[in-house]
Structures are given as structure tokens and as C-alpha cells.
Amino acid sequence: MSSGPVKYVRYLLFAAVGLALFFFVSRSAIPFPENIGSKLNPVSHKETHSTSSQGKAATSAEFTNGTWGSGDRVNATFVTLARNSDIWDLAKSIRSVEDRFNRDYHYDWVFLNDKEFDDNFKKITTALVSGTTHYGVIPKEHWSYPEWIDQDKAKKVREDMGQRKIIYGDSESYRHMCRYESGFFFRHPLMLNYEFYWRVEPSIELFCDISFDPFRFMKEKNKKYSFVLSLYEYFDTIPTLWDSVTKFMGNHPEHIAEGNSIDFLSDDGGTTYNKCHFWSNFEIGSLEWLRSKEYLDYFESLDRDGGFFYERWGDAPVHSIAAGLLLKKEQIHFFNEIAYYHIPFTHCPTGEQLRLDLKCHCDPNENFDWKGYSCTSRFFQINDMKKPAGYENES
């Protein structure tokens, strides 16, 4: 056989083998990682939202339409009142919030203190927060006694409550904190830049992924206040609070909303207070509402009566009563999906499939929602809401 035909046959064989290899590789069953593009090219914030909103972790009916995780960020911020010495307990909280939610959204974080934050606090929190951090000093007039308070009387009250072992009863700084959270944090110059806030305290934990943007939900659903835990207040800290509230209602009937949540707060139409309140160490709310004339008139009326210092009024009942009276029922929201812990109470989402979808690591037996000392059942009742399936196993 001549060399010409032999070379021709070799070329044909090489070509056939090459085509076969190409076909095999192109049809290979070995997949590339689905997110390989995100490893090579940064994903935009909007694209990240869109992806998370369509995953199986989208939960209740109102979140599964694919809208609550999409679109641009809302004008909102996390806010924390802390001391320099809180840094390591706070670092745990920030890490939890970032891992479960904010690493996909990069919302800002405002830190407030009655003293200057030191460089160590700023360095660590800046490194942990994916958004922009801001640090503010509380004005002295917002963290001191107003001129109408008798400080000797206030001191005697603290001594008496300390002897009676009332929690934080002998603490002066705790009273300044409660008054500040009740009436001033939303007026700090740094907070004036935002429409919504999410309060975070040291030593909290989020147990589940948050597969939607709660800020966007609040804005688009016209919600003004939200919670995950509710309970009864310790009466000895607020013996005359409802008297002051009743006086405010009499002086400002124009501020009381139609269709409000008075039945969450009272068993007798408003004559007495049943002590139910939303636990305010977690709250997502509207700053515009807190800066409204209705709320400011309410706070200033209570502040003049002196109960922050002559008793030990907490910001939780103060905020809760305001929400219950000044807002319509449908403007307050319970986030079953946001799993939360602050010593000693746990909110673990009710519903096994929900917990699995959200990659939760909380024990449902620890869920406080349906226990006897919780007020969340009352919230469901007054709003004609059906409790989540499985709640009876957690009561």
C-alpha cells in the first residue's frame, strides 16, 4: 500500500477520535457548581435578593410570591445601644445577624452610647458588619434627669426597690436607658437618615435563616411595629403607668386609632391594664411613626409624670401600649419566621417544615410563644388569626 492512502486513513481515524472526545466532554454528567459564577464575578445586591427569594426557604404564603426579597434595599438600619465593655457579647449578636440575614443585604448599623466609643469597639464592629457602621454619642439632656424630677425622691425609690429585690429596681442607668429607648433614640441625628430600624442587643441569637427582607415587608405591607416575643410585665415596676396612659387618652382622644389593639392591652375595654407587652429587645419598626406627633405627645405626657424614675417603667410596655393604642391592629406584625433568643426566652418558629426550610437549630420545646406567660395567643385572638399548625405541641 502506498504512503498516500495510509496517511489519509490516519487522518480519518484522528478526526473520528477527536469528534468522539468532543461529544463525550460536551455531554459529560459531571456538573459545574451552580454558583461558580459568584466565585468568579461579584453578584450585585439586587441579584442576591432575587436568588434568595426563590429558594425553598421562602416560607409563609405572604412571602412565597417572590417579592419580599427582591428589589433595592429599604432606607433602614440596625440600631444598638451599647457600652464599650459590651463588645464581645455584641460581637456574637452581630455575627448571628450577619450570618442569618445581613450578609446578603448589607444594611447599615448605628451604635449609640452615652460615652464615646473607643477604637477597639469601632475596629471590631466595623470588621463584623457588612454594611456601613455609624457611631453616635447620646446628648447629655437625653441621658440625665429632666428638671421636673425630684432626684432625692428617685433615689429613695431605687433603694426601696433594691431592698424588695425587684429586677433592675436599684439601677439608675437602667432607668436612663429605658427613658432613652422610649423617647429619644429615634431622634438622634444619625437615626434621622432612616425610615425603619431593627433593634439588636448584646448576647442575642438568631436561630434560622431569614429568607426575605423584613424591612421591605414592613414598608410594602404598611406595618409600623413588629415583634417575636410577648409576655406580661412585672407589675411592681409599673404600678401607675396605666393611670398615666388613661390621662393621655383623655387629653388626646384624637390620637387614638380606630380599630386599635386595646383588647391586647386590657381585659375590660381599657379600664385596667393586663400587663401584656411586646418584648422590645427585638423590634423592627417605623421611625417615622415614632417621630409622629401622636407618639411624641404620648411620650412627653408619660415623661412628665415621672414614672421612669419614680417607678421603673420599661421601654417595652411604653412602646407596646403606644402601638396598641395609636396604630391600627393590622399595622402590628408577628414574625413567626424570625427565630430569636434573648435570655431567658426563645422564639422558635412553629412548624417543623418551616424550621427545616430555614435551617433552624432551635429546640421547638423551648418556644415561649404558646406558654402560659406569653401574650402571643392573645395577639392571635384579637386579630382573628389562626395559630400555626403544631402550636399545641409547644404549649
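Residues numbered from 1 in each chain as written. Predicted model: local features only at pLDDT ≥ 70, side-chain atom pairs only at ≥ 80, totals over all residues. Heavy atoms only, no water.

Basically, it comes down to this: UniProt positions are given in the numbering used here, feature names are shortened, and annotations may be inferred rather than shown by experiment.
Per an unreviewed UniProt entry, the protein chain goes by Nucleotide-diphospho-sugar transferase and derives from Aspergillus coremiiformis. Listed in UniProt under the heading Sequence similarities (unreviewed entry), the comment for the protein chain reads: "Belongs to the glycosyltransferase 15 family."

### Comments concerning the sheet that holds strand β9 (residues 283–286)
Heads up, the rule is: Strand pairing is defined by DSSP finding a minimum of two bridges between the two strands. A helix here means a DSSP run of H or I that spans at least four residues, while a strand means a run of E at least two residues long, and both kinds are numbered starting from the N terminus. In this analysis an axis means a line fitted to C-alpha atoms, helices contributing only their contacting stretch, and an angle means the value between N-to-C directions, from 0 to 180 degrees. Should any heavy atoms of two residues lie within 4.5 Å, those residues are counted as being in contact.
Spatially, β3-β2-β1-β4-β9-β6-β10 is the arrangement adopted by the seven strands of the open sheet, whose pairing is mixed. Edge strands, defined here as strands with exactly one partner in the open sheet, are β3 (133–137) and β10 (332–334). Averaged over all neighbouring strand pairs, the angle between strand axes comes to 20°, with direction disregarded. On the sheet, helix α4 (residues 87–100) packs against β1 (76–81) and β2 (108–113) and is oriented at approximately 160° with respect to β2.

### Some points on the state of the cysteines
A covalent bond bridging the sulfur atoms of two cysteines is what the word disulfide describes. This is how the line gets drawn: The definition used for a disulfide is geometric: two cysteine sulfur atoms within 2.5 Å.
On inspection of all chains with the given rule, the structure shows three disulfides. The side chain of C208 participates in a disulfide bridge whose partner is C360; the two sulfur atoms lie 1.9 Å from each other. Between C208 and C360, the S-S dihedral sits near 120°, and the bridge is therefore right-handed. Residue C208 is located in the loop between β5 (205–206) and α8 (214–220), and its partner C360 is located in the loop between α15 (352–357) and α16 (376–382); the two are separated by 152 residues in the primary sequence.

### Considerations on the pairing of β2
Successive residues of a regular strand alternate their side chains across the two faces of the sheet. Stated precisely, the cut-off is as follows: Partly exposed residues are those whose accessible area sits between 20% and 50% of the maximum for their type, while under 20% is buried and over 50% is exposed, using a 1.4 Å probe and protein chains only. Assignment of crossover handedness uses the view with strands pointing away from the viewer, where a clockwise path from the first strand over the helix to the second indicates a right-handed crossover.
β2 sits mainly inside the fold: six of its six residues count as buried. Neither face of β2 is left uncovered, since the one carrying D108, V110 and L112 and the one carrying W109, F111 and N113 both have all their residues buried. As paired elements, β1 and β2 share five bridges and run parallel to each other. When the sheet's bridge partners are listed, F78 is paired in β2 with W109. The pairing of β2 with β3 spans five bridges and is parallel. The partner of V110 across the bridge, within β3, is H134. What joins β2 to β3 is helix α5 (residues 119–128), and the crossover it makes is right-handed.

### Points about helix α7 (residues 172–183)
Going by this rule: Take the residue count of a helix, subtract one, and multiply by 1.5 Å to get its expected span.
Relative to the 16 Å expected for twelve residues at 1.5 Å per residue, α7 spans 17 Å between its end C-alpha atoms, a close match to the ideal helical length. Across the twelve residues that make up α7, a large majority, ten, are buried. Taken together, the buried positions of α7 are occupied by Y174, R175, H176, M177, C178, R179, Y180, E181, S182 and G183.

### Overview of helix α9 (residues 241–251)
Spacing of three or four residues puts side chains on the same side of an α-helix, whose turn is 3.6 residues. Here is the rule: This arc is built from the directions going out from the helix axis to the C-beta atoms.
By the burial criterion, the buried members of α9 are L241, W242, S244, V245, F248 and M249. Seen from one end, α9 has its buried residues packed into an arc of 155°, which puts them on one side. Residues of α9 that are exposed and angled more than 90 degrees away from the buried face: D243, G250 and N251. Those residues of α9 that are buried lie in contact with α10 (262–265), α12 (293–305) and α14 (315–326).

### Describing the packing of aromatic side chains
To keep things clear, this is the line we draw: Each aromatic pair joins two rings of Phe, Tyr and Trp (for Trp, the six-membered one) with centres within 6.5 Å, and gets the label stacked for planes under 30 degrees apart, edge-to-face for over 60, and tilted for any other angle. In this analysis the charged atom, NZ for Lys or CZ for Arg, is taken to sit over a ring once it is within 6 Å of the ring centre and within 35 degrees of the ring normal.
Evaluation of the coordinates by the stated rule reveals 51 aromatic pairs. Measuring from centroid to centroid gives 5.0 Å for F78 and W198, while their planes differ by 45°, and the two rings are tilted. With F78 in strand β1 and W198 in strand β4 (residues 196–199), this residue pair connects regions lying 120 residues apart in the sequence. Residue F78 shares its accessibility class with W198, and that shared class is buried. Of note, R304 hangs over the ring of W148, and the distance from its end group to the ring centre comes to 3.7 Å.

### Notes on the nonpolar core
Under the convention used in this document: By convention a nonpolar core is built from buried Ala, Val, Leu, Ile, Met, Phe, Trp, Tyr and Cys residues, the set being connected through side-chain atoms within 4.5 Å.
Counting residues in hydrophobic clusters, the biggest one holds 59 residues, and the most contacted among them are F185, V245, W289, Y295, Y298 and I321. Top element by residues in this core is α14. It accounts for six residues. In this view, V245 contacts Y298, L302, I321 and L325; residues no more than four positions away in its chain are not counted. One finds F101, Y107, I124 and V200 within the second-largest nonpolar core, a separate group that totals 38 residues.

### Points about the pattern of salt bridges
Pairing of side chains with opposite charge becomes possible as their charged atoms draw close. Quick reminder of the rule: Each salt bridge in this description consists of a side-chain nitrogen of Lys or Arg and a carboxyl oxygen of Asp or Glu lying within 4 Å of one another.
For the structure on display, the rule yields 17 salt bridges. Residues D160 and R164 are paired through a salt bridge, measuring 3.0 Å at the closest nitrogen-oxygen approach. As a salt-bridge pair, D297 and K293 come within 3.1 Å of each other at their nearest N and O atoms. You can see D297 and its partner K293 sitting in helix α12, four residues apart, about one turn around the helix. Among the ionic contacts, a cluster of salt bridges with common partners joins E181, R199, E201, E283 and D315.

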